[in-house]
Amino acid sequence: MIGVQDEDSCGKSSLCETPQACRGGSPATRGKRSLARKSLAVLRNYTKRLRIVQAHHMIHLLTYGKLNMIESMDKE
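Residues numbered from 1 in each chain as written. Predicted model: local features only at pLDDT ≥ 70, side-chain atom pairs only at ≥ 80, totals over all residues. Heavy atoms only, no water.

**Some words on the overall build of the protein chain**
The secondary structure content of the protein chain amounts to 2 helices and 2 strands. The order of helices and strands in the protein chain, counted from the N terminus, is β-β-α-α. The buried share of the protein chain, reckoned over its 76 residues, is 1%. Surface exposure of the protein chain reaches about 7200 Å², of which carbon and sulfur atoms provide 61%. (Helix = DSSP H or I, 4+ residues; strand = E, 2+ residues; numbered from the N terminus. Buried < 20%, exposed > 50% of the residue type's maximum accessible area, 1.4 Å probe, protein only. Areas by Shrake-Rupley, 256 points an atom, 1.4 Å probe, with all protein chains shown as cover.)

**Looking at the confidence of the model for the protein chain**
When pLDDT is averaged along the protein chain, the result is 75, and 57% of the positions lie at 70 or above. Mean pLDDT across the secondary structure elements of the protein chain bottoms out at strand β1 (residues 4-7), with 51, and peaks at helix α2 (residues 27-75), with 83. (pLDDT = per-residue confidence, 0-100.)

**With respect to a positive patch on the surface**
The grouping of Arg23, Arg30, Arg33, Arg37 and Lys38 at the surface amounts to a positive patch. If one sorts the elements of the positive patch by residue count, α2 sits on top with 4 residues. Tracing the backbone shows Arg30 in helix α2. Residue Arg30 is classed as partly exposed on the basis of its relative accessible area of 38%. (Patch = residues over 30% accessible without salt bridge, like charges linked within 9 Å, V, L, I, M, F, W, Y side chains within 5 Å. Salt bridge = Lys/Arg side-chain N within 4 Å of Asp/Glu carboxyl O. Lys, Arg positive; Asp, Glu negative; His and termini not counted. Charge placed at Lys NZ, Arg CZ, Asp CG, Glu CD.)

**Re a nonpolar patch on the surface**
A cluster of nonpolar side chains, contributed by Leu40, Leu43, Tyr46 and Leu50, occupies part of the molecular surface with about 390 Å² of accessible area. By secondary structure assignment, the location of Leu50 is in helix α2.

See the structure below:
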């Protein structure tokens, strides 16, 4: 879309070299947007890993917890 006149989502006509240029803002604003995007990706990755670990712990607890209960009942 280099040098093509296009309409944005608001219907305004603009000349944008890239979709990123259409978003506008100062370099600092674009940097903040980039940082926010990266932070969100890190948070999603952490949340995903946390759920996996929690599921693993739950499986371990259910599996070995039941075995321990059964073993303790057999001893009585």
